[in-house]
Number of protein chains: 2
Amino acid sequence: MAVGETHFPAMPRIEGLRLGAAMSGIKTAHRRDLVVIEVPEGAAVSGTFTRNAFCAAPVTVAREHLAACATRGTAPRYLVINTGNANAGTGETGLRDARATCTELAGLVDVEATSVLPFSTGVIGETLPMERLLAGLPEALRALDDGPAGWAAAGEGILTTDTRPKGASVTLPLGDETITINGISKGSGMIKPNMATMLGFVATDAAIAPAVLDEVLRGAVDQSFNCITVDGDTSTNDACMLIATGRGAAVNDEHRLAVFREGLQRVMNELAQAIVRDGEGATKFVTLQVDGAVTRDEALDVAFTVAHSPLVKTALAASDANWGRILAAVGRAPVADFDVSRVTIDLGGVRLVEQGGCAPGYTEEAGSEVMAQEEIGIRIDLGRGDRGATVWTTDLTREYVAINADYRS
Amino acid sequence: MAVGETHFPAMPRIEGLRLGAAMSGIKTAHRRDLVVIEVPEGAAVSGTFTRNAFCAAPVTVAREHLAACATRGTAPRYLVINTGNANAGTGETGLRDARATCTELAGLVDVEATSVLPFSTGVIGETLPMERLLAGLPEALRALDDGPAGWAAAGEGILTTDTRPKGASVTLPLGDETITINGISKGSGMIKPNMATMLGFVATDAAIAPAVLDEVLRGAVDQSFNCITVDGDTSTNDACMLIATGRGAAVNDEHRLAVFREGLQRVMNELAQAIVRDGEGATKFVTLQVDGAVTRDEALDVAFTVAHSPLVKTALAASDANWGRILAAVGRAPVADFDVSRVTIDLGGVRLVEQGGCAPGYTEEAGSEVMAQEEIGIRIDLGRGDRGATVWTTDLTREYVAINADYRS
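Keep in mind the model is a prediction, meaning the values are calculated, not measured.

Draft legend 1. Summary view of the pattern of salt bridges. Evaluation of the coordinates by the stated rule reveals 30 salt bridges over all chains. Between Arg379(B) and Asp291(B) there is a salt bridge, and its shortest N-O distance comes to 2.9 Å. Taken together, the residues span a long stretch of sequence, with Arg379(B) in strand 15 (residues 375-381) and Asp291(B) in strand 11 (residues 285-293) at a distance of 88 residues. Between Glu298(B) and Arg384(B) there is a salt bridge; the shortest N-O distance is 2.9 Å. One end of the pair, Glu298(B), is in helix 7 (residues 296-308); the other, Arg384(B), is in the loop between strand 15 and strand 16 (387-394), with 86 residues separating them in the sequence. One connected set of salt bridges, linked through shared partners, spans Asp162(A), Lys166(A) and Asp278(A).

As structure tokens, then:
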């Protein structure tokens, strides 16, 4: 199941950046499960990773290699991503396997092993089938392609329980030139990213200094991947990478940076929202906007409390405008000195709650009409400040339970 | 659905304390939905209530009346509980209705209106059917009974989506005398109490000073009702009351207080665990023990993070020893400077995780054997301190979703 129709866009070429995928049979045969992304020399690469304390071996190694490149004043040249196996909870063996993958690929393309960053997603707690994985690398390298076909193959090759690939692209004017920002993402369950999504890979031809790129990525992730949740479970493998090849227009003043930020945010939001739309068992796409908070963190606390409430999520699945459950979830959010008589809750254009209870004039019919839609907006005004936050989430259906009771992830 | 078999005990008489129930047709006909508990003069009464900021009207009024009694140096004389309607999210009308219920009952029995405490549970956001509710009060008063029949009727009359009544009783030696502690509770969904359960009413014939009673109740609730969760949703109506009639043996020294505390904890734990066993759609009863924490709060944070993880809960429903999901949930718990290589996780007697990965010697067969049972113990040792906490929870099944997508609560 998934909410609405989406299509994977035909991605414009980003010069020098090539993507290739192979079928290496990591978990099942005849599906793309191994992706290599080739980054041209002179690019800048930033990354954010999961804050789960039990982070996976590839996350540890990717962080190490990124730091080693920075020390050398270079950037990584290759990203290698396998699906079907998360290489998480695998201890020393897992670290050895992640490093061996980098070493093998580095040998094939003649770069330093630390110029390769590894990523894995899939089942937790099983060791990587290294023989099959390493054997797939030459095929992935042979498939490297800088056109739409490369992006499409990579978008497909990183999926796990996803029902469809997720891609987004914008082309923006920058001075007399244009720049392109392309991205792909994957994720469907175990989705409550903290500092990054499940996996997201975004690339641009813009020229942008590494330190600025880091800051821009963190800002964009905080407003996109860090604002989505399917089930509240933060993965061990979350990572989001941003590659700037530097061969296109330069982002070298405040105005250009603002243009770049806005374009990047659009791509990141689209990729993050695509994960929610493809949330396991999802039949609704819900935008939770919390305003009137004292701080953004307070707004996020309220939004995530509502977004994680099983009772709100099951009411959404049932298209039941059960405002009492929303009110109860808001009321248990960790907000100090909370005067709920100032809270208003709107469902689409319908006022549900004010003055601590049901809004005068509210009718079940009006509420049900909004709830029957696939895309639902809930706006909560706390009436105590001027900060806000937006979080995107799904409903909780029997299918979510079925998928996760049946699938060993 | 519910886990295991339970029976409602034949409660011993507590002299002077009478309970009666009526069928007043609040939500459906022909079921007990209105309960009155008569407290003898000279008793001490303590209460703890929900910390949900959107607390229900009866919670506000019960708190006010309890304070008014304390100011007069007396204790409440009557508790009146309706099911089928939570009188929550009902604004000023709700407060007026809760007060009118107290006034009506007070008139019938000739006490101050503030000597009556109101409690409600059921649907949020509908106003009480006051005519039917008030008309039921004389029937409930006529039914007042201090024997097992009174307790049984009350145990039944406070239920909502519960599949069975919940009662517990202990009789303890205290010096040359014995004291009795009886309790009833209700709750099945919207269960993650904070300072109290959904509804719990516990009474004893012991004589105990009001200030001590307050402290004892808070301590017992913190280790029982505050350590259970079905779905993480804290209700608007949670309340737990402890009545000490004072007609029996006196709890007047440290030794006797320790005996009383232990007996009360047994009753409270049994009542709290009964709510989990009857959790909506539950097929498993899970005891999560977290040790090796720096503080009890840290242990509770880890326990509740695991207990609320939809991926852990669906694995439990599937009897899948999916230790990777437990590990991932532990890893995202809010623990500072968390060295996961020191964490061990045991499922029953089977070591799942150590040194940051799967324990050597672990076999899927050994894990599956434990997971197939109805009662499952998971022990997590953080390896960083000497504090611990125990939390009880359920699995997450298709039936939970079905119940909450179909039932307007």
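Draft legend 2. Representation of the nonpolar core in the model. Counting 82 residues, the largest nonpolar core has Phe119(A), Phe201(A), Phe119(B) and Phe201(B) as its most contacted members. Once you skip the residues sitting within four places of it in the chain, Phe119(B) turns out to touch Phe49(B), Pro58(B), Leu79(B), Val80(B), Ile81(B), Asn82(B), Leu199(B), Phe201(B), Ala239(B) and Met241(B). Within the second largest apolar cluster, 76 residues are counted, among which are Ala44(B), Met268(B), Ala321(B) and Leu352(B).

Draft legend 3. Molecular detail of the UniProt feature "binding site: substrate" (unreviewed entry) in chain A. Mapped onto this structure's residue numbering, the UniProt feature "binding site: substrate" (unreviewed entry) falls at Thr160(A), Lys186(A), Thr197(A), Glu280(A), Asn404(A) and Ser409(A). Here Lys186(A) lies in strand 7 (residues 177-186).

Draft legend 4. How the structure looks around the interface of chain B and chain A. With 51 residues of chain B at the contact, the number on the chain A side is 53 residues. A combined buried area of about 4200 Å² lies between chain B and chain A, and 60% of that area is made up of carbon and sulfur atoms. Across the side of chain B that touches chain A, the residue classes tally to 23 nonpolar, 18 polar and 10 charged.

Draft legend 5. Highlighting the domain arrangement of chain A. Residue and element names in this part refer to chain A. Taken domain by domain, chain A comprises domain 1 (18-277) and domain 2 (285-406). Here the C-alpha centre of domain 2 lies 33 Å away from the C-alpha centre of domain 1. Opposite the 15 residues of domain 1 that make contact, domain 2 presents 14 residues. Summing the contributions of domain 1 and of domain 2, the shared interface buries around 1300 Å²; its carbon and sulfur component is 60%.

Draft legend 6. Fine view of the packing of helix 8 (residues 310-317) of chain B against helix 9 (residues 323-332) of chain B. Residue and element names in this part refer to chain B. For the pair helix 8 and helix 9, the least separation of the axes is 9 Å and the interaxial angle reads 155°. When the interaxial angle is binned, helix 8 and helix 9 end up roughly antiparallel. Between helix 8 and helix 9 the crossing geometry is left-handed. Facing helix 8, whose interface residues are Leu 311, Val 312, Thr 314 and Ala 315, helix 9 presents Arg 325, Ile 326 and Ala 329. A breakdown of the residues in the contact of helix 8 with helix 9 according to their chemical character gives 5 nonpolar, 1 polar and 1 charged.

Draft legend 7. Examining the relation of the copies chain B and chain A more closely. Superposing chain B onto chain A takes a rotation of 180° plus a shift of 0.0 Å along the axis, which leaves an RMSD of 0.0 Å. Taken together, these values place the two copies in the relation of a two-fold axis. Rotation axis and chain B: the residue whose C-alpha lies nearest the axis is Arg398(B), separated from it by 2.4 Å. Counting the interface residues of chain B, we find that 100% of their copies in chain A are interface residues as well, pointing to one common contact surface.

Draft legend 8. Quick look at the packing of aromatic side chains. Counted under the stated rule, the structure contains 2 aromatic pairs over all chains. Ring centres of Phe119(A) and Phe201(A) lie 5.2 Å apart, and the angle between their planes is 90°; this geometry places the pair in the edge-to-face category. Here Phe119(A) is found in strand 5 (residues 116-123), whereas its partner Phe201(A) is found in strand 8 (residues 199-204), with 82 residues between them in sequence. Just as Phe119(A) is buried, Phe201(A) falls in that class too. The cationic tip of Arg277(B) hangs over the ring face of Phe285(B); the distance from NZ or CZ to the ring centre is 3.9 Å.

Draft legend 9. Inspection of the side chain of Thr245(B) at higher detail. Residue and element names in this part refer to chain B. Tracing the backbone shows Thr 245 in the loop between strand 10 (239-244) and helix 6 (254-277). The class for Thr 245 is buried, based on a relative accessible area of 2%. With sequence-adjacent residues up to four places away left out, Thr 245 is seen in contact with Ile 14, Glu 15, Leu 17, Pro 40, Gly 42, Ala 43, Thr 204, Asp 205 and Ala 206.

Draft legend 10. Fine view of the sheet that holds strand 12 (residues 344-347) of chain A. Residues and elements named next belong to chain A. Reading across from one edge, 9-16-11-15-12-13-14 is the order of the 7 strands in this open sheet, with mixed pairing throughout. Each edge of the sheet is formed by a strand with only one pairing partner; in this case those strands are strand 9 (228-229) and strand 14 (357-358). Taken together, the 2 bridges between strand 9 and strand 16 (residues 387-394) define a ladder with parallel strand orientation. Residue pairing across strands places Thr 229 opposite Thr 393, the latter belonging to strand 16. Sheet strands touched by helix 9 (residues 323-331): strand 12, strand 13 (350-354), strand 14 and strand 15 (375-381). Its angle to strand 13, the strand with the most contacts, is close to 50°.

Conventions adopted
- Residues numbered from 1 in each chain as written.
- Chains lettered and ligands numbered in written order.
- Predicted model: local features only at pLDDT ≥ 70, side-chain atom pairs only at ≥ 80, totals over all residues.
- Heavy atoms only, no water.
- Salt bridge = Lys/Arg side-chain N within 4 Å of Asp/Glu carboxyl O.
- Helix = DSSP H or I, 4+ residues; strand = E, 2+ residues; numbered from the N terminus.
- Core = buried A, V, L, I, M, F, W, Y, C linked by side-chain atoms within 4.5 Å.
- Buried < 20%, exposed > 50% of the residue type's maximum accessible area, 1.4 Å probe, protein only.
- Contact = heavy atoms within 4.5 Å.
- UniProt positions renumbered as here; feature names shortened; annotations may be inferred.
- Buried area = accessible area lost by both parts, 1.4 Å probe.
- Nonpolar A, V, L, I, M, F, W, Y, C, P; charged D, E, K, R; others polar.
- Domains from an automatic or database assignment.
- Axes fitted to C-alpha atoms, helices over the stretch in contact; angles between N-to-C directions.
- Parallel < 35°, antiparallel > 145°, perpendicular 65-115°, else oblique.
- Left-handed = near helix turned anticlockwise from the far one by under 90°.
- Least-squares fit on C-alpha atoms with pLDDT ≥ 70 in both.
- Phe/Tyr/Trp six-rings, centres within 6.5 Å; stacked < 30°, edge-to-face > 60°.
- Lys NZ or Arg CZ within 6 Å of the ring centre and 35° of its normal.
- Pairing = 2+ DSSP bridges.

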